Amino acid sequence: MAVGETRFPAMPVIEGLRLGTAMAGIKKPDRRDLVVIEIPEGARVAGAFTRNAFCAAPVTVAREHLAACTARGEGVRYLVINTGNANAGTGETGLRDARATCAELARLAGVGEQSVLPFSTGVIGEPLPMERLLAGLPAAMRALDDGAAAWREAGEGILTTDTRAKGASVTLALGNETVTINGIAKGSGMIRPDMATMLAFVATDAALEPVLLDQLLREAVERSFNCITVDSDTSTNDACMLISTGRGAAVVDEAALTIFRNGLQRVMTELAQAVIRDGEGATKFVTLQVDEARSRREALDVAFTVAHSPLVKTALYASDANWGRILAAMGRAPVEEFDVDRVTIDLGEVRLVERGGRARGYTEEAGSAVMAREEIVIRIALGRGEQSATVWTSDLSHDYVTINADYRS
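For clarity, every value in this text was computed on a predicted model and none was experimentally measured. (Residues numbered from 1 in each chain as written. Predicted model: local features only at pLDDT ≥ 70, side-chain atom pairs only at ≥ 80, totals over all residues. Heavy atoms only, no water.)

Caption draft 1: View of the nonpolar core. Within the largest apolar cluster, 81 residues are counted, with the highest numbers of intra-cluster contacts made by F260, L264, I345, L352, I378 and I380. With ten residues, helix α6 (residues 254–277) is the largest single contributor of residues to this core. Filtering out sequence-adjacent residues up to four positions away, L352 remains in contact with W323, I326, I345, D346, L347, G357, R358, A359 and Y362. Residues L19, I37, A56 and M241 belong to the second largest nonpolar core, which totals 35 residues. (Core = buried A, V, L, I, M, F, W, Y, C linked by side-chain atoms within 4.5 Å. Buried < 20%, exposed > 50% of the residue type's maximum accessible area, 1.4 Å probe, protein only. Helix = DSSP H or I, 4+ residues; strand = E, 2+ residues; numbered from the N terminus. Contact = heavy atoms within 4.5 Å.)

Caption draft 2: Representation of the pattern of salt bridges within the structure. By the definition in use, this model includes 21 salt bridges. With a closest N to O distance of 2.9 Å, R99 and E64 form a salt bridge. Placement of R99 in helix α2 (residues 91–109) and of E64 in helix α1 (residues 57–72) is noted, with a sequence separation of 35 residues between them. Of the residues examined, R99 reaches a relative accessible area of 30% and is grouped as partly exposed. By relative accessible area, E64 is classed as partly exposed at 37%. (Salt bridge = Lys/Arg side-chain N within 4 Å of Asp/Glu carboxyl O.)

Caption draft 3: Fine view of the packing of aromatic side chains. Within this structure, the stated rule accounts for one aromatic pair. Both rings, one in F119 and one in F201, keep their centres 5.2 Å apart while their planes meet at 80 degrees; by these two values the pair is edge-to-face. Of this pair, F119 sits in strand β5 (residues 116–123) while F201 sits in strand β8 (residues 199–204); the two residues are 82 residues apart in sequence, bridging distant segments of the chain. Of the two residues examined, F119 and F201, each falls in the buried class. When the ring centre of F304 is taken as origin, the NZ or CZ atom of R192, which lies over that ring, is 3.9 Å away. Sitting above the plane of the F285 ring, R277 keeps its charged end 4.0 Å from the centroid. (Phe/Tyr/Trp six-rings, centres within 6.5 Å; stacked < 30°, edge-to-face > 60°. Lys NZ or Arg CZ within 6 Å of the ring centre and 35° of its normal.)

Caption draft 4: Spotlight on the sheet that holds strand β7 (residues 177–186). What the five strands build is an open sheet, ordered β3-β10-β8-β7-β6; its pairing is mixed. Edge positions in the sheet fall to β3 (44–49) and β6 (166–174), since each has one partner strand and no second. Across the sheet, the mean angle separating the axes of adjacent strands is 10 degrees when strand polarity is ignored. (Pairing = 2+ DSSP bridges. Axes fitted to C-alpha atoms, helices over the stretch in contact; angles between N-to-C directions.)

Caption draft 5: Structural context of the packing of α1 against α2. Here α1 crosses α2 at 50 degrees, and the two axes come no closer than 8 Å. On the basis of their axis angle, the class for α1 and α2 is oblique. In this structure, α1 meets α2 at a crossing whose hand is right-handed. For the pair formed by α1 and α2, the contact residues are A57, P58, T60, V61, E64 and H65 on the first element and G94, L95, A98, R99 and C102 on the second. Grouping the amino acids of the contact of α1 with α2 by side-chain chemistry returns six nonpolar, three polar and two charged. (Parallel < 35°, antiparallel > 145°, perpendicular 65-115°, else oblique. Left-handed = near helix turned anticlockwise from the far one by under 90°. Nonpolar A, V, L, I, M, F, W, Y, C, P; charged D, E, K, R; others polar.)

Caption draft 6: Region of interest: the side chain of S115. In this structure, S115 sits in the loop between α2 and β5. A polar contact is formed between the side chain of S115 and the backbone oxygen of G112, at a distance of 2.6 Å. (Polar contact = N/O pair within 3.5 Å; in protein donor to acceptor, adjacent residues only side chain to side chain.)

Caption draft 7: Seen up close, the sheet that holds strand β9 (residues 228–229). Pairing is mixed in the open sheet, where seven strands are placed in the order β9-β16-β11-β15-β12-β13-β14. In this open sheet, the two strands that pair with only one neighbour each are β9 and β14 (357–358). The sheet contact formed by strand β11 (residues 285–293) and strand β16 (residues 387–394) spans seven bridges and is antiparallel. Residue F285 lies in a different strand from β16, and its bridge partner there is S394. Strands β12 (344–347), β13 (350–354), β14 and β15 (375–381) of the sheet are contacted by helix α9 (residues 323–331), whose axis makes an angle of about 45 degrees with β13.

Caption draft 8: Structural context of α9. All buried positions along α9 are accounted for by W323, I326, A329 and M330. In an axial view of α9, the angular spread of the buried residues amounts to 125 degrees, which keeps them on one side of the axis. Exposed side of α9, more than 90 degrees from the buried face: A328 and G331 are the residues found there. Buried residues along α9 sit in contact with α7 (296–307), α8 (310–317), β12, β13, β14 and β15. (Arc of directions from axis to C-beta.)

Structural data, given as structure tokens:
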């Protein structure tokens, strides 16, 4: 069950960038499960990857190939993504298969093997069905196109337990020119990114220097994909790529940089929030706003402690205004010298807690009315500083358990 109605947007053309999707039967027949993204010569690519110690084989290979291209001053030319199989926990066999995928696509495209980056998502611990995957590459290459339909099909082709494709797009005016930022992402469960998201691919025609491209990616990731959680689990396969084709206006001054930075943040945030809205079994979209902290890290620690509490998440699912669960969760956050008398907690427009206990004037009826909403805002003020942070999460339902209990069947 997905929270909120979100439509896949019409994606403008980004000159030189094409996407192709095929049905390779990697896990199930008759579904899009293999995507190729063609990147024009001269483009620049930045990436952020999972910090999970058991990172998947494609993450290792993608890192290696991206570093090699950067060291030689050469561009990445293709991304290849499969769903249905994560190629994680597969040892040397997995690394060999990831490299073989790159080699075959490179052969078909007539480019160097290291100019191809692989990405996978799906079940951990199973070997890739290489015969089917490699056989699907020519069809994905034949399908390469730059239109809106190609973006939508690619968005569908990277899904696992997701219920819908996730896309975002903005067009920005930079002086007398315009630039476009398009992005697609997948993610529904195993969501508490520790760098980026499960898989996200964002492209722009703006011209950006490599160092700035990498900086902008990491800034945007930190306040979008690193601020979401469904179940507190960080995937072995997380990756977020930012592509600058350089075919559009150059970002050369502070005014243009501010406009572009804000546009990129908007795209990344929309994609991150779409992941929460499509969280496995989710019935609530929850914004946790923590203010008056001594540092952003402190604000994030409090927000994530509350967001990860099973008792809070099940109360949200039940529309139960059991505010004591919020209070208890934040009380175990790693915050030193916590003065509970200075803390306030608001549920929507309803004050729950002040001066260490239930707020004067609070009623169960008012709290329950807010908890019954599909979209809920919980605001926590710590009364100890000027820093703040926002985290987005979902509730914990019976369907979450069912989806993950039946995932491999």
